[in-house]
Amino acid sequence: MKNRALRVILILALGMFCSGLSVSPGEAKTFTDTTGCTVTVPDRPLRVVSLAPSITEIVFSLEKGSLLTGVTRYSDYPEAAKKLPRVGSYIRPELETIVSLKPDLCLAVKDGNPEKVVERIKAFGIPVYTVNPDGIDTIIRSINEIGDLLNATHKARAITGAMEAQLASIDQAIAGVAHKPRLFFQIGISPIVSVGTHTFLDEMIRRAGGENIVTSKTPYPRFSKEQVLALAPEMIIITSMARNDDFESVKQGWESWPSLPAVQMNNIHIVNSDILDRPTPRVVDGLAMLAALIHPTLFKEAVR
């Protein structure tokens, strides 16, 4: 009887292996993600697919990059991430490629990954855990959540603890500023696109001691050059996820308007979008960089 039972177990295990289903050691764990979905994941995930560059970076920061079997386009940090198989972009994940990698866990972002694609991944029996890093506090939460999923809780808490300490230092320095420069944050070049209220970058501007000159409730409103000139910003920050734009020519274009307060104050800057608006542990360095640009006398040693 025991031998027969053993044969049945071996046949089932072989069938699972041959069918391509991933088998992870240990018992399953159950979590509730930021969308309210209950997700059952292996106790020790072995094959993880990241559905956003920010998630890829977080996984590497937790020293769990070896678990990644697939990542989305523009997963370019750290250097090792560039060598991993691509599964499309985070707004257009390639379902067939993802399934072919036989992951035992996919990590998704609520703002970006299409819900329909996420549901189709789940339909293949692949667990998908979704995070929603839409602000500094939720970035910290996402890092801790992914740490718990990947058995890197201690490392995650060390990272987020250091982030919180740096944030407290920035907040303390900014608390006493008397003037908050009126800032235009340009994230799109053609057309000109900025950031409205209730966006992550609006939070970054305010927390760095600036005033977002854009008061629109539209998250990413478009502007004509004449509209920006009429707003008369004291500072212009230029950044973009596009890699092939000539940022220097954009800066020179604004500098050709001597009546602009930002020109008179020599306050037009180009910044690295990855360090500033990618929701990863580096976002605190981005905040320090932004605070140093807005209030240079307060942050002489900040990352630039």
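Above this note sits the structure.
Residues numbered from 1 in each chain as written. Predicted model: local features only at pLDDT ≥ 70, side-chain atom pairs only at ≥ 80, totals over all residues. Heavy atoms only, no water.

### Observations regarding the pairing of strand E6 (residues 128-131)
Across the two faces of E6 the burial is the same, with Val128 and Thr130 and Tyr129 and Val131 all buried. The pairing of strand E5 (residues 105-109) with E6 spans four bridges and is parallel. Within E6, the residue paired with Leu107 across the bridge is Tyr129. Of the crossover connections in this fold, the one passing from E5 over helix H4 (residues 115-123) to the parallel E6 is right-handed. (Buried < 20%, exposed > 50% of the residue type's maximum accessible area, 1.4 Å probe, protein only. Helix = DSSP H or I, 4+ residues; strand = E, 2+ residues; numbered from the N terminus. Pairing = 2+ DSSP bridges. Right-handed = clockwise from strand over helix to strand, strands pointing away.)

### Considerations on the sheet that holds strand E7 (residues 182-186)
One open sheet accounts for four strands, arranged E9-E7-E11-E12; its pairing is parallel. Both edges of this open sheet fall to strand E9 (211-212) and strand E12 (268-270), since each of them pairs with a single strand only. Sheet topology note: the strand E11 (residues 235-238)/E12 ladder contains three bridges and is parallel. Its bridge partner lying in E12, Ile238 is registered against Ile270. Where helix H12 (residues 283-294) meets the sheet, it contacts E7, E11 and E12, and its direction lies at approximately 150 degrees from that of E11. (Contact = heavy atoms within 4.5 Å. Axes fitted to C-alpha atoms, helices over the stretch in contact; angles between N-to-C directions.)

### Side note on the nonpolar core
Core analysis: the biggest nonpolar cluster contains 58 residues, and Leu107, Ile146 and Met204 have the highest contact counts within it. Element by element, the count of residues in this core is highest for H12, at 10 residues. Residue contacts for Ile146: discarding those within four places in its chain leaves Ile55, Ile58, Val59, Leu62, Leu107 and Val131. Within the second largest apolar cluster, 15 residues are counted, among which are Phe184, Ile213, Ile236 and Ala262. (Core = buried A, V, L, I, M, F, W, Y, C linked by side-chain atoms within 4.5 Å.)

### Things to note about the pairing of E11
With burial as the criterion, each face of E11 is covered, one bearing Met235 and Ile237 and the other bearing Ile236 and Ile238. Bridge analysis of E7 against E11 gives four bridges, and the strand direction is parallel. Bridge pairing in E11 places Phe185 opposite Ile237.

### Considerations on the sheet that holds strand E3 (residues 48-50)
Read from one edge of the open sheet, four strands run E4-E3-E5-E6, paired in parallel fashion. Every other strand in the sheet has two partners, leaving strand E4 (68-70) and E6 as the edge strands with one partner each. Geometrically, the sheet is characterised by an average inter-axis angle of 35 degrees between neighbouring strands, direction not taken into account. Sheet topology places E3 next to E5; three bridges connect them, and they run parallel.

### Quick word on the packing of helix H5 (residues 136-149) against helix H7 (residues 200-207)
Taken N-terminus to C-terminus, the directions of H5 and H7 make an angle of 110 degrees; their axes are 10 Å apart at the nearest point. Considering the angle they form, H5 stands roughly perpendicular to H7. Residues Ile136, Asp137 and Ile139 of H5 form the contact with H7, whose own contacting residues are Phe200, Glu203, Met204 and Arg207. (Parallel < 35°, antiparallel > 145°, perpendicular 65-115°, else oblique.)

### Concerning unusual backbone geometry
In the segment running from Tyr77 into Pro78, the intervening peptide bond is cis, with an omega of -5 degrees. Relative to the helices and strands, Pro78 is located in the loop between E4 and helix H3 (95-100). The residue after Ser190, namely Pro191, is reached through a cis peptide bond having omega 5 degrees. The phi torsion at Glu63 lies on the positive side, around 65 degrees, for a residue other than glycine. Under the relative-accessibility criterion, Glu63 is labelled exposed at 60%. Residue Asn151 is not a glycine yet carries a positive backbone phi of 60 degrees. Within the secondary structure, Asn151 is located in the loop between H5 and helix H6 (153-174). Relative accessible area serves as the criterion here: at 39%, Asn151 is assigned to the partly exposed category.

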